[in-house]
Amino acid sequence: DLKRKAAAAQLAKRVEEELKPLAMDRTVFRIELESAPWSETGADRVQFLVSPNAGEEPRALERVASGGELSRIALALKTCLVGRKKTSAIPRTLVFDEIDTGIGGRAAEGVARRLKALAAENQVLCVTHLAQIACFADHHYRVEKFERAGRTVAEIEELNTDASTEEIGRMLSGQKLTPEALRHAAELQRAARVSL
C-alpha cells in the first residue's frame, strides 16, 4: 500500500512537470488511492484530481477539466507511462484523437512538440484540425467523408510535401486557399523542422 501511494505521488509529480510546456504550468495534479473491495481491477479505487487554476483545490478530473485540459492531461499521462526509451522490441502505437480540443497558440505548439518527441520512440497517430500541430507531422494524411449510394464513406490519402502544405494552408484559411495562407503554412512547416 505504501509503495503504491509513493508511486502515485511520483507519477503525479511527473505529470505536473509534463503539463508545464503544454500551457498548464500552474496545474496541480494528484492521484488519490483508496481501499476498495476486490474486483478484476484490483483492491484500490484510483481517482485523478486536478486543479488547472491557481487557488482552487484539486477536484475529480472529470468534473473540472475542460476538453482541451483533458487532452493535454492524457498526453502528459501517456508520456509519463510510456517513457522516452523503449524497454522492449514490441512497437507501441499511441493514438490521440482530437487532441486539439479547446487549445490554440502556445498550447498547441507545446502539444505538437510533445507529440513529436513521443514519435521519436513510438508510432503516434494524431487526429488534429490545427495547423500548429499538423506542421510537425512526419507523415500527413487527409481524411474526407462523403456520401456514396446513400452511405457515408471515408477516404484517407497520404499527402506529399506540397499537398501537406496546401492542407495546412486550408486549416489556416478555410475553404478558400489564399496565397498568404499557403506562405504561412510553408513557414510553419519550416519552423517546425528547424526547431527540433
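This report concerns the structure included in the present document. This is a predicted model, so every value here is computed, not measured.

### Looking at the overall build of the protein
Okay, so step 1: What the protein contains, in helices and strands, is seven helices and seven strands.
Okay, so step 2: Helices and strands in the protein line up, N terminus first, as α-β-β-β-α-α-β-α-β-α-β-β-α-α.
Okay, so step 3: Sorting the 196 residues of the protein into buried and exposed places 36% on the buried side.
Okay, so step 4: At a minimum sequence separation of 6, the contacts of the protein that also span at least 24 residues come to 49%.
Okay, so step 5: A total of about 12600 Å² of accessible surface is found on the protein, and carbon and sulfur atoms cover 51% of it.
Okay, so step 6: Once the 30 positive and 29 negative side-chain charges of the protein are each reduced to a mean point, those two points are 4 Å apart.

### Details of the sheet that holds strand E1 (residues 28–39)
Okay, so step 1: One open sheet holds the three strands; their spatial order is E1-E2-E3, and the pairing between them is antiparallel. In this open sheet, the two strands that pair with only one neighbour each are E1 and strand E3 (59–60).
Okay, so step 2: The sheet contact formed by strand E2 (residues 42–51) and E3 spans two bridges and is antiparallel. Bridge pairing links Val50 to Arg59 in E3.
Okay, so step 3: This element, helix H1 (residues 2–19), spans E1 and E2 of the sheet and lies at about 150 degrees to E1.

Basis of the calculations
- Residues numbered from 1 in each chain as written.
- Predicted model: local features only at pLDDT ≥ 70, side-chain atom pairs only at ≥ 80, totals over all residues.
- Heavy atoms only, no water.
- Helix = DSSP H or I, 4+ residues; strand = E, 2+ residues; numbered from the N terminus.
- Buried < 20%, exposed > 50% of the residue type's maximum accessible area, 1.4 Å probe, protein only.
- Contact = heavy atoms within 4.5 Å.
- Areas by Shrake-Rupley, 256 points an atom, 1.4 Å probe, with all protein chains shown as cover.
- Lys, Arg positive; Asp, Glu negative; His and termini not counted.
- Charge placed at Lys NZ, Arg CZ, Asp CG, Glu CD.
- Pairing = 2+ DSSP bridges.
- Axes fitted to C-alpha atoms, helices over the stretch in contact; angles between N-to-C directions.

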